Amino acid sequence: MENREESLRAVWKAIRAGKKFFIAGHLNPDGDSLGCTLTMTSLLERLGKTVYAYAAPAIGGDLKFLPGLEKIHVGVLPENPDFDTVILLECSDRQRGGDLESVLKPAKTLVNIDHHLVSDAYGHVNHIDSVASSTAEIIFQLFEASGEDNLLPTPDEATCLYTGLVTDTGRFVHSNTTAEALRVGSALVALGADVNKINQVIYFTKSFIELKLLGRALEKMEMRFDNKYSQIILTRRDFETFGATPAQTQGIVSQPTMIPGVEVSALIKEEPDKVSVNLRSRGAADVSRIAQLFGGGGHARAAGFKVTDKTVSDVADALAEVVYNVVKDLH
C-alpha cells in the first residue's frame, strides 16, 4: 500500500468531490462492517452529502442497538441509482457486498476501504491496510487525516466505531490487538462510546435458543489429529430442533480454542443453500490460507468460506485433509 497518509488524503479528496454517495459493507454485516457503514453515513450527512446506506441480507439481532440503524436500507437497492461516489467498506473484492453492479457501473468514483490481508484493489481509490486491526481503526484514522481539528466522531459515531474495533479484536484479545488499536479504543471511549451498552448487548446477552444451540455444538465437538484440530458440525436438523438459524452461532467457533493444544477450530454449518465454515486459530496456523483454498478469506486467526456444490460431510472431509497438512508439523 502507498503511504498511509497519502492514501487517506486520496479518500478525503473523493469524499469532498462527491455529492451523492452509496455506502455498503460486506454481506451479513458484522460489528465492524455495520459500525463503519453507520459512521460513514453519519459523517457524510454532517458534511452535507446525500447518502444511501445499504446492508444485506439482514442485520443480526445483537447489532440492532447501534445508533442510526434506521438509515440503513436492508436488502433494498435503489431503483434508479445515480450516485457519483460509491464507498465499499471491508469488502475484499467487488462482489463481497453482494450484487451491486447496478450501483457500481454508473458511479464515477469507487472507494475501497479494507483491512483484509488478501484484498483486491478494485476501486478508483483504494485504502487497504492489512496491519489495521479493523476497518473501524481505519475510519478513525480517516477522521484524524481530515485536517480539520473540530472534525471528530460524535458519541454515536464513536459507539459504532468502538463496536467494530472491539468485535474484530475479540475484546482486545486477538493477535491483531496492537498499540494502535488500543490507542484508537481509548480515544473512542473519551469521545463518548457507550462501552457498557456494547459489552452488555454483544457479550453478556444470549437468548435461550442460542444457549441451547451452544450446548448442542459442544456436545458434537470432535477432537482430531492429536487434539490439534477441533471440528463442530451443525446440520439443518440441529437448527430445526431448536428453531434456530445459522446466524445464532456467534462465538461458538472460538470455544474449542480454549482447550490447550488446539491449533485450529472449525464450525461447519449446513444451511439451506450452502455449507458455511468459520475457522479460528490459536497460534501458529494461518486459517486465512486454509479459507483461500476454498474460495474464502479473512485473517490469520479468523477466517471463513462458503461452498454451494458439496454436502456438509464432503466439505468436512475436504477441510480435515487440508487442516491435517497444516497442523501435523506444528510444535
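Residues numbered from 1 in each chain as written. Predicted model: local features only at pLDDT ≥ 70, side-chain atom pairs only at ≥ 80, totals over all residues. Heavy atoms only, no water.

Asker: Which residues make up the packing of helix α2 (residues 31-46) against helix α5 (residues 155-168), and what values go with them?
Answerer: Two elements in contact, α2 and α5, have axes whose closest approach is 8 Å; the angle formed by their N-to-C orientations is 155°. Comparing their axes, α5 and α2 come out roughly antiparallel. Once α2 is placed against α5, the crossing between them reads as left-handed. Contacts from Gly31, Asp32, Gly35, Cys36, Leu38, Thr39, Ser42, Leu43 and Arg46 in α2 reach Glu157, Cys160, Leu161, Thr163, Gly164, Thr167 and Asp168 in α5. Classifying every residue of the contact of α2 with α5 gives five nonpolar, seven polar and four charged. (Axes fitted to C-alpha atoms, helices over the stretch in contact; angles between N-to-C directions. Helix = DSSP H or I, 4+ residues; strand = E, 2+ residues; numbered from the N terminus. Parallel < 35°, antiparallel > 145°, perpendicular 65-115°, else oblique. Left-handed = near helix turned anticlockwise from the far one by under 90°. Contact = heavy atoms within 4.5 Å. Nonpolar A, V, L, I, M, F, W, Y, C, P; charged D, E, K, R; others polar.)

Asker: Could you give an account of the sheet that holds strand β6 (residues 125-128), naming the residues involved and the relevant values?
Answerer: Ordered in space as β3-β2-β1-β4-β5-β6, the six strands form an open sheet in which the pairing is parallel. Here the strands that pair on one side only, and so sit at the sheet edges, are β3 (72-74) and β6. Strand-to-strand, the axes of this sheet are offset by a mean angle of 20°, without reference to chain direction. Here four bridges tie strand β1 (residues 20-24) to strand β4 (residues 85-89), and the two strands are oriented parallel to one another. Each bridged residue has a counterpart across the sheet, and for Phe21 the counterpart in β4 is Thr85. The sheet strands contacting helix α1 (residues 4-17) are β1, β4, β5 (109-114) and β6, and the helix crosses β6 at an angle near 135°. Here helix α4 (residues 135-144) sits on the sheet and contacts β4, β5 and β6; the angle it forms with β5, its principal contact strand, is near 120°. (Pairing = 2+ DSSP bridges.)

Asker: Can you break down the state of the cysteines residue by residue, with the values?
Answerer: Linking two cysteines covalently through their sulfur atoms gives a disulfide. With the rule as written, the count across this model stands at zero disulfides. Of the cysteine sulfurs around Cys36, a residue in no disulfide, the closest is that of Cys160, at 9.0 Å. (Disulfide = S-S within 2.5 Å.)

Asker: I'd like a rundown of α1, residues and numbers included.
Answerer: Its 14 residues place the ends of α1 20 Å apart at the C-alpha level, agreeing with the 20 Å of an ideal helix rising 1.5 Å per residue. Buried residues along α1 sit in contact with β1, α2, β4, β5, β6 and α4. The residue sitting at the N-terminus of α1 and contributing the capping side-chain oxygen is Asn3; that oxygen lies 3.0 Å from the backbone nitrogen of Glu5. (Expected span 1.5 Å × (residues − 1). Polar contact = N/O pair within 3.5 Å; in protein donor to acceptor, adjacent residues only side chain to side chain.)

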